[in-house]
Amino acid sequence: MTDDDRVFKALADPTRRHLLDRLFERDGRTLSELESELEMTRFGVMKHLRVLEDAGLVVTRRSGREKLHFLNPVPIRLIHDRWIDKYRERQVSALAELKTELEEELA
Amino acid sequence: MTTDTHTAVTTQVYRVYIKATPQAIWDAITKPEWNERYGYPGRSEFDLRPGGAFRAIAGPQAQAMGMPELLVEGEVVEADPPRRLVQTWHPLWDEEIAAESPTRVTWDIEEDDGGVTRLTVTHELENAPVTAAQVTSTARLHEGGGGWVMILSDLKTLLETGSSFDS
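Fair warning: this is a prediction, and the values are worked out from it, not measured in the lab.

Some points on the overall build of chain B
Of regular secondary structure, chain B possesses seven helices and seven strands. In chain B, the succession of α and β elements from N to C terminus is α-β-α-α-β-β-α-β-β-α-β-β-α-α. Looking at the 167 residues of chain B, the share that counts as buried comes to 34%. Sequence-distant contacts, at least 24 apart, represent 48% of the contacts inside chain B between residues at least 6 apart.

Pasting the structure below:
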(Lines give C-alpha, C1' and ligand atoms only; values in the text may rest on other atoms or scores of the structure.)
Protein backbone atom coordinates (compact mmCIF):
# COMPACT_ATOMS: atom_id res chain seq x y z
CA MET A 1 0.00 0.00 0.00
CA THR A 2 1.29 3.46 -0.81
CA ASP A 3 1.07 6.38 1.62
CA ASP A 4 -1.85 7.78 -0.36
CA ASP A 5 -3.68 4.43 -0.15
CA ARG A 6 -3.33 4.40 3.60
CA VAL A 7 -4.66 7.95 3.94
CA PHE A 8 -7.62 7.33 1.65
CA LYS A 9 -8.41 4.06 3.45
CA ALA A 10 -8.20 5.78 6.82
CA LEU A 11 -10.50 8.58 5.67
CA ALA A 12 -13.01 6.14 4.12
CA ASP A 13 -14.58 5.39 7.50
CA PRO A 14 -17.05 7.68 9.32
CA THR A 15 -15.82 6.76 12.82
CA ARG A 16 -12.26 7.63 11.88
CA ARG A 17 -13.33 10.94 10.31
CA HIS A 18 -15.26 11.62 13.50
CA LEU A 19 -12.12 10.95 15.58
CA LEU A 20 -10.15 13.39 13.41
CA ASP A 21 -12.86 16.02 13.86
CA ARG A 22 -12.73 15.56 17.64
CA LEU A 23 -8.95 16.07 17.56
CA PHE A 24 -9.33 19.07 15.26
CA GLU A 25 -11.55 20.69 17.91
CA ARG A 26 -9.16 19.89 20.69
CA ASP A 27 -5.80 18.27 20.12
CA GLY A 28 -3.69 16.01 22.31
CA ARG A 29 -6.35 13.72 23.82
CA THR A 30 -6.09 10.43 25.65
CA LEU A 31 -7.77 7.22 24.51
CA SER A 32 -10.19 7.47 27.45
CA GLU A 33 -11.28 10.97 26.44
CA LEU A 34 -11.84 9.95 22.83
CA GLU A 35 -13.61 6.75 23.87
CA SER A 36 -16.03 8.62 26.12
CA GLU A 37 -17.43 10.47 23.10
CA LEU A 38 -18.05 7.42 20.96
CA GLU A 39 -20.61 4.62 21.16
CA MET A 40 -17.91 2.03 20.83
CA THR A 41 -15.75 -0.30 22.89
CA ARG A 42 -12.27 0.76 23.96
CA PHE A 43 -10.87 -1.95 21.70
CA GLY A 44 -12.84 -0.61 18.73
CA VAL A 45 -11.56 2.94 19.25
CA MET A 46 -8.00 1.62 19.62
CA LYS A 47 -8.29 -0.21 16.31
CA HIS A 48 -9.45 2.92 14.52
CA LEU A 49 -6.71 5.02 16.10
CA ARG A 50 -4.18 2.43 14.94
CA VAL A 51 -5.35 2.81 11.32
CA LEU A 52 -5.13 6.61 11.64
CA GLU A 53 -1.63 6.30 13.10
CA ASP A 54 -0.49 3.97 10.30
CA ALA A 55 -1.71 6.56 7.80
CA GLY A 56 0.21 9.26 9.65
CA LEU A 57 -2.98 11.20 10.39
CA VAL A 58 -2.57 10.76 14.12
CA VAL A 59 0.73 11.03 15.97
CA THR A 60 1.03 9.90 19.58
CA ARG A 61 3.26 11.37 22.20
CA ARG A 62 3.84 10.32 25.80
CA SER A 63 3.20 12.83 28.53
CA GLY A 64 3.94 11.34 31.93
CA ARG A 65 1.93 8.13 32.16
CA GLU A 66 -0.49 9.13 29.45
CA LYS A 67 -0.41 8.63 25.72
CA LEU A 68 -1.78 11.67 23.93
CA HIS A 69 -3.16 11.62 20.40
CA PHE A 70 -2.44 14.54 18.09
CA LEU A 71 -3.99 15.28 14.71
CA ASN A 72 -1.29 15.48 12.03
CA PRO A 73 -2.75 17.44 9.09
CA VAL A 74 0.33 17.09 6.84
CA PRO A 75 -0.85 13.95 4.93
CA ILE A 76 -4.17 15.66 4.13
CA ARG A 77 -2.30 18.65 2.73
CA LEU A 78 -0.19 16.33 0.57
CA ILE A 79 -3.32 14.58 -0.74
CA HIS A 80 -4.82 18.00 -1.41
CA ASP A 81 -1.77 19.15 -3.38
CA ARG A 82 -1.57 15.89 -5.32
CA TRP A 83 -5.25 15.17 -6.00
CA ILE A 84 -7.34 18.29 -5.58
CA ASP A 85 -5.28 21.32 -6.52
CA LYS A 86 -4.25 19.73 -9.80
CA TYR A 87 -7.80 19.09 -10.98
CA ARG A 88 -9.05 22.42 -9.77
CA GLU A 89 -6.35 24.18 -11.79
CA ARG A 90 -7.44 22.32 -14.91
CA GLN A 91 -11.04 23.32 -14.26
CA VAL A 92 -10.06 26.96 -13.82
CA SER A 93 -7.93 26.99 -16.94
CA ALA A 94 -10.76 25.31 -18.92
CA LEU A 95 -13.08 28.10 -17.83
CA ALA A 96 -10.47 30.72 -18.70
CA GLU A 97 -10.08 29.17 -22.16
CA LEU A 98 -13.83 29.12 -22.65
CA LYS A 99 -14.01 32.81 -21.76
CA THR A 100 -11.23 33.63 -24.25
CA GLU A 101 -12.93 31.63 -26.99
CA LEU A 102 -16.33 33.18 -26.42
CA GLU A 103 -14.87 36.67 -26.33
CA GLU A 104 -12.96 36.04 -29.53
CA GLU A 105 -16.18 34.92 -31.22
CA LEU A 106 -17.85 38.15 -30.18
CA ALA A 107 -14.99 40.28 -31.39
CA MET B 1 -3.86 15.24 35.19
CA THR B 2 -4.01 19.04 35.18
CA THR B 3 -0.49 19.24 33.79
CA ASP B 4 -1.26 16.68 31.09
CA THR B 5 -4.39 18.44 29.92
CA HIS B 6 -2.42 21.67 29.80
CA THR B 7 0.33 20.09 27.69
CA ALA B 8 -2.32 18.61 25.45
CA VAL B 9 -3.92 21.92 24.64
CA THR B 10 -0.77 23.92 24.03
CA THR B 11 1.40 21.43 22.11
CA GLN B 12 1.15 20.77 18.38
CA VAL B 13 2.73 17.81 16.60
CA TYR B 14 3.40 17.56 12.86
CA ARG B 15 4.94 14.61 11.05
CA VAL B 16 6.04 14.00 7.49
CA TYR B 17 7.78 11.08 5.77
CA ILE B 18 10.44 12.17 3.28
CA LYS B 19 12.41 10.09 0.79
CA ALA B 20 15.78 11.53 1.81
CA THR B 21 18.59 10.79 4.27
CA PRO B 22 18.51 12.19 7.82
CA GLN B 23 21.57 14.29 6.89
CA ALA B 24 19.80 15.85 3.88
CA ILE B 25 16.84 16.75 6.10
CA TRP B 26 19.13 18.13 8.81
CA ASP B 27 20.87 20.33 6.23
CA ALA B 28 17.54 21.45 4.77
CA ILE B 29 16.44 22.63 8.23
CA THR B 30 19.66 24.21 9.46
CA LYS B 31 21.48 25.58 6.39
CA PRO B 32 20.29 28.96 5.03
CA GLU B 33 21.08 27.98 1.41
CA TRP B 34 18.54 25.14 1.85
CA ASN B 35 15.96 26.60 4.21
CA GLU B 36 15.50 29.72 2.06
CA ARG B 37 14.17 27.45 -0.71
CA TYR B 38 10.95 26.30 0.98
CA GLY B 39 8.27 27.63 3.28
CA TYR B 40 7.96 31.36 3.81
CA PRO B 41 10.26 33.63 1.78
CA GLY B 42 13.37 34.20 3.85
CA ARG B 43 16.20 32.25 5.42
CA SER B 44 16.98 30.85 8.86
CA GLU B 45 20.38 30.98 10.53
CA PHE B 46 21.38 28.62 13.33
CA ASP B 47 24.45 28.72 15.54
CA LEU B 48 24.35 25.00 16.21
CA ARG B 49 25.48 24.76 19.83
CA PRO B 50 23.54 25.02 23.09
CA GLY B 51 22.81 28.70 23.69
CA GLY B 52 23.61 29.56 20.06
CA ALA B 53 21.43 32.09 18.26
CA PHE B 54 18.58 31.29 15.88
CA ARG B 55 17.33 33.97 13.51
CA ALA B 56 14.71 33.81 10.77
CA ILE B 57 15.25 36.69 8.35
CA ALA B 58 12.44 37.85 6.07
CA GLY B 59 13.15 37.85 2.32
CA PRO B 60 12.98 41.14 0.36
CA GLN B 61 9.44 40.31 -0.83
CA ALA B 62 8.19 39.84 2.71
CA GLN B 63 9.97 43.00 3.89
CA ALA B 64 8.39 44.98 1.06
CA MET B 65 5.01 43.79 2.39
CA GLY B 66 5.81 45.33 5.77
CA MET B 67 7.37 42.37 7.58
CA PRO B 68 10.29 43.19 9.91
CA GLU B 69 13.72 41.95 8.84
CA LEU B 70 14.00 39.75 11.93
CA LEU B 71 10.89 37.56 11.75
CA VAL B 72 11.64 35.03 14.46
CA GLU B 73 14.38 34.92 17.06
CA GLY B 74 15.40 32.13 19.38
CA GLU B 75 18.11 30.04 20.88
CA VAL B 76 19.46 26.57 20.15
CA VAL B 77 18.80 24.35 23.17
CA GLU B 78 20.13 21.05 21.84
CA ALA B 79 21.81 20.14 18.54
CA ASP B 80 22.45 16.46 17.84
CA PRO B 81 23.06 16.24 14.08
CA PRO B 82 21.38 14.70 12.15
CA ARG B 83 18.85 13.39 14.69
CA ARG B 84 17.48 16.08 16.94
CA LEU B 85 17.34 19.83 17.17
CA VAL B 86 15.65 21.68 20.02
CA GLN B 87 15.25 25.44 19.82
CA THR B 88 13.24 28.28 21.26
CA TRP B 89 11.12 30.15 18.74
CA HIS B 90 9.85 33.66 19.36
CA PRO B 91 8.01 35.31 16.46
CA LEU B 92 8.30 39.10 16.13
CA TRP B 93 6.25 39.94 13.06
CA ASP B 94 3.66 41.98 14.94
CA GLU B 95 3.38 43.56 18.39
CA GLU B 96 0.73 41.20 19.68
CA ILE B 97 2.73 38.10 18.80
CA ALA B 98 6.06 39.55 19.98
CA ALA B 99 4.52 40.20 23.41
CA GLU B 100 3.89 36.48 23.92
CA SER B 101 6.28 34.04 25.62
CA PRO B 102 8.97 32.36 23.50
CA THR B 103 7.83 28.92 22.34
CA ARG B 104 9.84 25.74 21.88
CA VAL B 105 10.29 23.68 18.72
CA THR B 106 11.77 20.17 18.62
CA TRP B 107 12.78 18.60 15.30
CA ASP B 108 13.14 14.79 15.50
CA ILE B 109 14.65 13.03 12.50
CA GLU B 110 14.38 9.23 12.44
CA GLU B 111 15.30 6.76 9.73
CA ASP B 112 12.38 4.60 8.59
CA ASP B 113 12.35 1.70 6.09
CA GLY B 114 13.36 1.92 2.44
CA GLY B 115 15.32 5.18 2.37
CA VAL B 116 12.48 7.08 3.99
CA THR B 117 13.04 9.38 6.95
CA ARG B 118 10.45 10.47 9.46
CA LEU B 119 10.51 14.10 10.50
CA THR B 120 8.43 15.11 13.52
CA VAL B 121 8.05 18.72 14.58
CA THR B 122 6.75 19.25 18.10
CA HIS B 123 5.83 22.84 18.88
CA GLU B 124 5.25 23.63 22.55
CA LEU B 125 3.18 26.77 22.77
CA GLU B 126 2.59 27.52 26.40
CA ASN B 127 1.24 31.04 27.06
CA ALA B 128 1.32 31.80 23.36
CA PRO B 129 -2.24 31.50 21.99
CA VAL B 130 -1.75 33.97 19.11
CA THR B 131 1.40 32.19 17.96
CA ALA B 132 -0.43 28.85 18.31
CA ALA B 133 -3.27 30.04 16.07
CA GLN B 134 -0.90 31.39 13.42
CA VAL B 135 1.32 28.29 13.13
CA THR B 136 -1.83 26.15 12.78
CA SER B 137 -3.21 28.32 10.01
CA THR B 138 -4.68 26.36 7.12
CA ALA B 139 -5.06 29.44 4.91
CA ARG B 140 -3.22 29.41 1.59
CA LEU B 141 0.29 30.82 1.42
CA HIS B 142 -0.70 33.83 -0.69
CA GLU B 143 -3.27 34.69 1.99
CA GLY B 144 -0.47 34.83 4.53
CA GLY B 145 -1.24 31.43 6.02
CA GLY B 146 0.18 27.97 5.75
CA GLY B 147 1.91 27.34 9.05
CA TRP B 148 3.80 24.13 9.75
CA VAL B 149 1.67 22.08 7.36
CA MET B 150 2.75 24.24 4.44
CA ILE B 151 6.39 24.43 5.54
CA LEU B 152 6.72 20.66 5.95
CA SER B 153 4.93 19.69 2.75
CA ASP B 154 7.02 22.26 0.88
CA LEU B 155 10.20 20.81 2.46
CA LYS B 156 9.15 17.31 1.37
CA THR B 157 8.50 18.50 -2.17
CA LEU B 158 11.87 20.28 -2.35
CA LEU B 159 13.87 17.27 -1.12
CA GLU B 160 12.01 14.75 -3.28
CA THR B 161 11.66 16.69 -6.50
CA GLY B 162 14.35 19.39 -6.26
CA SER B 163 11.85 22.22 -6.51
CA SER B 164 9.44 23.86 -4.07
CA PHE B 165 5.89 25.12 -4.69
CA ASP B 166 7.00 28.57 -5.73
CA SER B 167 9.90 27.67 -8.02
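Right, picking up where we left off after that structure.
Details of the domain arrangement of chain A
All names here are of chain A. According to the domain assignment, chain A contains domain 1 (1–72) and domain 2 (73–107). Here the C-alpha centroids of domain 1 and domain 2 sit 33 Å apart. Contact residues are listed per partner, giving seven residues for domain 1 and four residues for domain 2. Counted by class, the side of domain 1 that touches domain 2 contains four nonpolar, two polar and one charged residues.

Describing the sheet that holds strand 1 (residues 11–18) of chain B
All names here are of chain B. Taken in spatial order, the seven strands line up as 1-7-6-5-4-3-2 in an open sheet, and their pairing is antiparallel. Sheet topology places strand 1 and strand 2 (42–46) at the edges, where each strand pairs with a single neighbour. Each strand axis lies, on average, 20° off the axis of its neighbour in the sheet, ignoring direction. Sitting on the sheet, helix 7 (residues 147–161) is in contact with strand 1 and strand 7 (117–124), with an inclination near 15° to strand 1.

Description of the interface of chain B and chain A
Taken together, the contacts link 15 residues of chain B with 19 residues of chain A. Those elements giving two or more residues to the side of chain B that touches chain A turn out to be helix 1 (2–10), strand 1 and helix 7 of chain B. Top element by residues in the side of chain B that touches chain A is strand 1 of chain B. It accounts for seven residues. Of the residues belonging to the side of chain B that touches chain A, the class tally is eight nonpolar, five polar and two charged.

Some remarks on the pairing of strand 2 (residues 66–71) of chain A
Two elements, strand 1 (residues 58–63) of chain A and strand 2 of chain A, share six bridges in a ladder whose sense is antiparallel. Residue pairing for strand 2 of chain A: V59(A) is matched across the bridge by F70(A).

A few points about the environment of E160(B)
All names here are of chain B. One can find E160 in helix 7. The exposure class assigned to E160 is exposed, which follows from the 11 C-beta atoms found within 10 Å. Through-space distance from the C-alpha of E160 to that of I18 is 7.2 Å; in sequence the pair is 142 residues apart. Apart from the residues within four sequence positions on either side, E160 is in contact with I18, K19 and A20.

Topic: unusual backbone geometry
Looking along the chain, the bond that leaves P81(B) and enters P82(B) is cis, with omega of -5°. Mapped onto the elements, P82(B) comes out in the loop between strand 4 (70–80) and strand 5 (84–91).

A closer look at the environment of R55(B)
Residues and elements named next belong to chain B. Mapping R55 onto the fold places it in strand 3 (residues 53–58). Among the residues examined, R55 registers 17 C-beta atoms within 10 Å and is labelled partly exposed. Sequence spacing of R55 and P91 is 36 residues, and the spatial spacing of their C-alpha atoms is 9.9 Å.

Rules used in this analysis
Residues numbered from 1 in each chain as written. Chains lettered and ligands numbered in written order. Predicted model: local features only at pLDDT ≥ 70, side-chain atom pairs only at ≥ 80, totals over all residues. Helix = DSSP H or I, 4+ residues; strand = E, 2+ residues; numbered from the N terminus. Buried ≥ 20, exposed ≤ 12 C-beta atoms within 10 Å, placed from the backbone. Contact = placed C-beta atoms within 7 Å. Domains from an automatic or database assignment. Nonpolar A, V, L, I, M, F, W, Y, C, P; charged D, E, K, R; others polar. Pairing = 2+ DSSP bridges. Axes fitted to C-alpha atoms, helices over the stretch in contact; angles between N-to-C directions.

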